[in-house]
Amino acid sequence: GSVLSTSETQFVPTILGAKVSLLDELGVRPAVSFLGNISGPLFSDIETGTVVDFRFNFQHQLTDKMSFAYNLGGSVNTNINDNAFVGLYTAIVGYSLTPKLSTFVEFYGFLPSGNTPNDHQIDFGLVYLVNANFQLDMFGGTGFSDVSPDTIFGFGLSVRIPKN
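Residues numbered from 1 in each chain as written. Predicted model: local features only at pLDDT ≥ 70, side-chain atom pairs only at ≥ 80, totals over all residues. Heavy atoms only, no water.

**Digging into the overall build of the chain**
From N to C terminus, the chain includes zero helices and nine strands. Listing every helix and strand of the chain by position from the N terminus yields β-β-β-β-β-β-β-β-β. Here the chain holds 164 residues, and the buried ones make up 29% of them. A fraction of 34% describes how many contacts in the chain between residues 6 or more apart in sequence connect residues 24 or more apart. When the accessible surface of the chain is summed, it comes to about 11400 Å², and 63% of that surface belongs to carbon and sulfur atoms. (Helix = DSSP H or I, 4+ residues; strand = E, 2+ residues; numbered from the N terminus. Buried < 20%, exposed > 50% of the residue type's maximum accessible area, 1.4 Å probe, protein only. Contact = heavy atoms within 4.5 Å. Areas by Shrake-Rupley, 256 points an atom, 1.4 Å probe, with all protein chains shown as cover.)

Laid out in structure tokens, this is it:
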């Protein structure tokens, strides 16, 4: 009946999403796409409701190896006690180390409505392109705000469904 140790480690919700290309990059006009995600309490210690979020993504290819991307969007948690809107932003610089391996630095934040404080974070990571339709990524970082986590790490996989 004694507690031998405790941990503040938590699993965040599993996220499923889709990204749809809207415009290709042309001159100074960035490539534009729309990203929609849904997440919920599957494998999560902290999420009690379903979260739906959306983002408009903008990307510029600066050189053959370096890109700059940014996005703006929002999120709503369908939990009865937390049905508030949260604004989202991200700015990312990516660099291709090889044709299959890239690195990135990402600054992002959450801007909740109401009296909840803003949350600003940064992370760094690697992306490995397994093939033209499948990639793996891992990242780690930290937060800048009082409400931000001290340490962030994670991994992901992305599958591209080719156009016919």
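**A few points about the environment of Gly 94**
Assignment of secondary structure puts Gly 94 in strand S5 (residues 85-96). Along the sequence, Gly 94 and Leu 126 sit 32 residues apart, while their C-alpha atoms lie 9.4 Å from each other. The residues touching Gly 94, leaving out its near neighbours within four places in the chain, are Lys 65, Met 66, Ser 67, Thr 103 and Phe 104.

**Quick notes on the environment of Phe 34**
With respect to the helices and strands, Phe 34 occurs in strand S2 (residues 31-40). Under the relative-accessibility criterion, Phe 34 is labelled partly exposed at 29%. Placed 14 residues apart in sequence, Phe 34 and Val 20 show a C-alpha to C-alpha distance of 5.3 Å. Discounting residues that sit within four places of it in the chain, Phe 34 has contacts with Ala 18, Lys 19, Val 20, Leu 22, Phe 54, Arg 55, Phe 56 and Asn 57.

**Section: the side chain of His 60**
Along the chain, His 60 falls in strand S3 (residues 51-61). A relative accessible area of 17% means that His 60 is categorised as buried. Setting aside residues up to four positions removed in sequence, His 60 forms contacts with Glu 25, Val 28, Pro 30, Ser 67, Phe 68 and Tyr 70.

**Looking at the environment of Asp 123**
You can see Asp 123 is positioned in strand S7 (residues 119-131). Taking the relative accessible area as the measure of exposure, Asp 123 reaches 2% and is therefore buried. As a C-alpha pair, Asp 123 and Tyr 108 span 15 residues in sequence and 8.5 Å in three-dimensional space. Among residues more than four places away in sequence, those in contact with Asp 123 are Phe 104, Val 105, Glu 106, Tyr 108, Phe 139, Gly 140 and Gly 141.

**Quick look at the pairing of S2**
As defined by bridge partners, strand S1 (residues 14-23) adjoins S2 across nine bridges and the pair is classed as antiparallel. For Val 20, the partnering residue across the bridge sits in S2 and is Phe 34. Bridge count for S2 against S3 is nine bridges, and the pairing is antiparallel. Bridging from a neighbouring strand, Val 32 pairs with Phe 58 of S3. (Pairing = 2+ DSSP bridges.)

**Observations regarding the packing of aromatic side chains**
Here the distance between the centres and the angle between the planes together describe a pair of aromatic rings. All chains considered together, the criterion is met by six aromatic pairs. Here the aromatic rings of Tyr 89 and Phe 107 are separated by 5.9 Å at their centres, their planes lie at 50 degrees, and the arrangement is tilted. Taken together, the residues Tyr 89 in strand S5 and Phe 107 in strand S6 (residues 101-112) connect sequence positions 18 residues apart. Owing to a relative accessible area of 34%, Phe 107 belongs among the partly exposed residues under this scheme. Ring-pair connections join several aromatic residues into one group, and the members of that group are Phe 58, Phe 68 and Tyr 70. (Phe/Tyr/Trp six-rings, centres within 6.5 Å; stacked < 30°, edge-to-face > 60°.)

**Let's talk about the sheet that holds S1**
Pairing in this open sheet of nine strands is antiparallel, and the strands run S1-S2-S3-S4-S5-S6-S7-S8-S9 from one edge to the other. Two strands lie at the open edges of the sheet, namely S1 and strand S9 (152-159), each paired on one side alone. Ignoring strand direction, the axes of neighbouring strands in this sheet form an average angle of 20 degrees. (Axes fitted to C-alpha atoms, helices over the stretch in contact; angles between N-to-C directions.)

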